[in-house]
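So you can see what is in the structure, the chains are spelled out below.
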Amino acid sequence: MPATIFSKIIAGEIPCKKVYEDNQILAFHDIKPQAPVHVLIIPKVPIATIDDLEPADEALVGRLVLVAQRIARELGIAESGYRLVFNCRDHGGQEVHHIHLHLLGGRQLAWPPG
Ligand code: AMP
């Protein structure tokens, strides 16, 4: 898989505003936030799209969601609510081909999306 901007962030070659890190996962504020809280939760292993996930990745994907839950609590948006989004490929609006979970909140979010 070609290196993405997120590989460079994981490697420390590009800075980020980190909110969480463990041996498997990194989370940081989106550089172009779409809501008052907009955090990206990413695995450290490079997986290009959600469509590339395999059964062995089941626990990792579960951990992404639980880390999002933890960050939402820490940033004070758990009670008001939030949205978790994986964009996949062109029609999903995916720009960075390293899977990432968007955590969005801090305001009323529109539904359905455009
Ligand atoms: P997606 O369209 O789902 O692939 O989302 C990619 C997200 O990465 C966008 O919301 C971008 O604003 C965000 N992004 C791109 N480069 C950076 C960066 N260097 N630091 C933080 N977020 C970034």
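Before reading on, note that the structure itself is shown above.
Residues numbered from 1 in each chain as written. Predicted model: local features only at pLDDT ≥ 70, side-chain atom pairs only at ≥ 80, totals over all residues. Heavy atoms only, no water.

Draft legend 1. A look at the sheet that holds strand β2 (residues 25-29). Spatial ordering of the open sheet is given by β1-β2-β3-β5-β4, a layout of five strands whose pairing is antiparallel. Where the open sheet ends on each side, the last strands, each with one partner, are β1 (18-21) and β4 (82-85). Neighbouring strand axes in the sheet, compared pairwise and without regard to direction, differ in orientation by 15° on average. Relative to strand β3 (residues 37-43), helix α2 (residues 58-74) is tilted by about 150°, and along the sheet it contacts β1, β2, β3, β4 and β5 (101-105). (Pairing = 2+ DSSP bridges. Helix = DSSP H or I, 4+ residues; strand = E, 2+ residues; numbered from the N terminus. Axes fitted to C-alpha atoms, helices over the stretch in contact; angles between N-to-C directions. Contact = heavy atoms within 4.5 Å.)

Draft legend 2. Representation of the environment of aspartate 22 in the model. Following the sequence through the fold, aspartate 22 ends up in the loop between β1 and β2. For the pair aspartate 22 and proline 43, spaced 21 residues apart in sequence, the C-alpha to C-alpha distance is 9.7 Å. Apart from residues no more than four positions distant in its own chain, aspartate 22 is found in contact with Lys44 and Arg63. Polar side-chain contacts of aspartate 22 include one of 2.8 Å to the backbone nitrogen of glutamine 24. (Polar contact = N/O pair within 3.5 Å; in protein donor to acceptor, adjacent residues only side chain to side chain.)

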